[in-house]
Amino acid sequence: MLTRPGKNKTRQRVHDRIRKKVMGTAERPRLNVYRSLNHIYAQLVNDLEGVTITSASTAEGKKSDRRTGGNVAAAKTVGKTIADRAKAKGVSKVVFDRGGYLYHGRIKALADAAREGGLQF
């Protein structure tokens, strides 16, 4: 009997395929997104140097201060935060890496909020 690969294995295959084409540079870093059940994470990466420029997530701060990250409102907050931190570092243009996730829901909300915050994709 044939078994289908799990959802995360399929996502990882798609992500690997995307990463062959998407690369971040110093002028235009890669905005990488990772989504878990409870949190969402975003980071700006310069792939040429292998350096993370800045990051933002719903899992930041003290444990008591953490907000839930499994919803669209939290994704919008992270998108706005990553845009503000990128602007502070002098970054205005990025390459969006959706991480193999569908461009829908939390991923779309984060991207839209980052655009509203001043990042150009």
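Everything numeric here is computed off the predicted structure, so don't read it as measured data.

Cut-offs and rules
Residues numbered from 1 in each chain as written. Predicted model: local features only at pLDDT ≥ 70, side-chain atom pairs only at ≥ 80, totals over all residues. Heavy atoms only, no water. Helix = DSSP H or I, 4+ residues; strand = E, 2+ residues; numbered from the N terminus. Rg over C-alpha atoms; globule rule 2.2 N^0.38 Å. Buried < 20%, exposed > 50% of the residue type's maximum accessible area, 1.4 Å probe, protein only. Salt bridge = Lys/Arg side-chain N within 4 Å of Asp/Glu carboxyl O. Pairing = 2+ DSSP bridges. Axes fitted to C-alpha atoms, helices over the stretch in contact; angles between N-to-C directions. Contact = heavy atoms within 4.5 Å. pLDDT = per-residue confidence, 0-100.

J.: Just to check I follow, could you spell out the overall build of the protein chain for this structure?
T.: Looking only at helices and strands, the protein chain has three helices and four strands in total. Moving toward the C terminus, one meets the helices and strands of the protein chain in the order α-β-β-β-α-β-α. Taking 2.2 N^0.38 as the reference for a compact globule, 121 residues should give roughly 14 Å; the C-alpha atoms of the protein chain span a radius of gyration of 15 Å, in line with that estimate. Relative to its full complement of 121 residues, the protein chain shows a buried share of 38%.

J.: How should I be thinking about the pattern of salt bridges in this particular structure?
T.: Two side chains bearing opposite charge may form a pair once their charged atoms approach each other closely. The full count for this structure, using the stated rule, is six salt bridges. The salt bridge involving Arg-19 is made with Asp-47; its shortest N-O contact spans 3.6 Å. Of the two residues, Arg-19 sits in helix 1 (residues 7-19) while Asp-47 sits in the loop between strand 2 (40-46) and strand 3 (51-57), which places them 28 residues apart along the sequence. Under the relative-accessibility criterion, Arg-19 is labelled partly exposed at 28%. In this structure, the salt-bridge partner of Arg-115 is Asp-112, at a minimum N-O distance of 3.2 Å. Here the residue Arg-115 and the residue Asp-112 both occupy positions in helix 3 (residues 106-116), the gap between them amounting to three residues, near one helical turn. Given the relative accessible area of 25%, Asp-112 is considered partly exposed. If you follow the salt bridges from partner to partner, you end up with Arg-19, Arg-30, Asp-47 and Asp-97 in one network.

J.: Help me understand the sheet that holds strand 3 in this model?
T.: Picture the strands of a sheet paired through backbone hydrogen bonds; they go either parallel or antiparallel. What the four strands build is an open sheet, ordered 3-2-1-4; its pairing is mixed. The sheet terminates laterally at strand 3 and strand 4 (95-97), the two strands that pair on one side only. Here the strands of the sheet are splayed against their neighbours by 20° on average, with no regard to which way each runs. Direction of pairing for strand 2 relative to strand 3: antiparallel, over a ladder of six bridges. The partner of Asn-46 across the bridge, within strand 3, is Val-51. Helix-sheet contacts for helix 2 (residues 72-88) involve strand 1 (30-35), strand 2 and strand 3, and the interaxial angle to strand 3 is about 145°. Against the sheet, helix 3 engages strand 1, strand 2 and strand 4, with an angle of about 145° to strand 1.

J.: Is there a simple way to think about the pairing of strand 1 in this case?
T.: Residues in a regular strand project their side chains so that they alternate between the two faces of the sheet. In the sheet, strand 1 pairs with strand 2 via six bridges, with the strands oriented antiparallel. Each bridged residue has a counterpart across the sheet, and for Asn-32 the counterpart in strand 2 is Gln-43. Counting the residues between successive antiparallel strands, the hairpin from strand 1 to strand 2 contains four residues. Relative to strand 4, strand 1 runs parallel, the two sharing three bridges. Bridging across to strand 4, Asn-32 finds its partner in Asp-97.

J.: Just checking my understanding: could you explain the confidence of the model for the protein chain for this structure?
T.: As a note on interpretation, predicted positions should not be read in detail where pLDDT is low. On average, residues of the protein chain carry a pLDDT of 92, and 93% of them reach 70 or more. Within the protein chain, helix 1 has the poorest average pLDDT of any element, 92, and helix 3 the best, 98.

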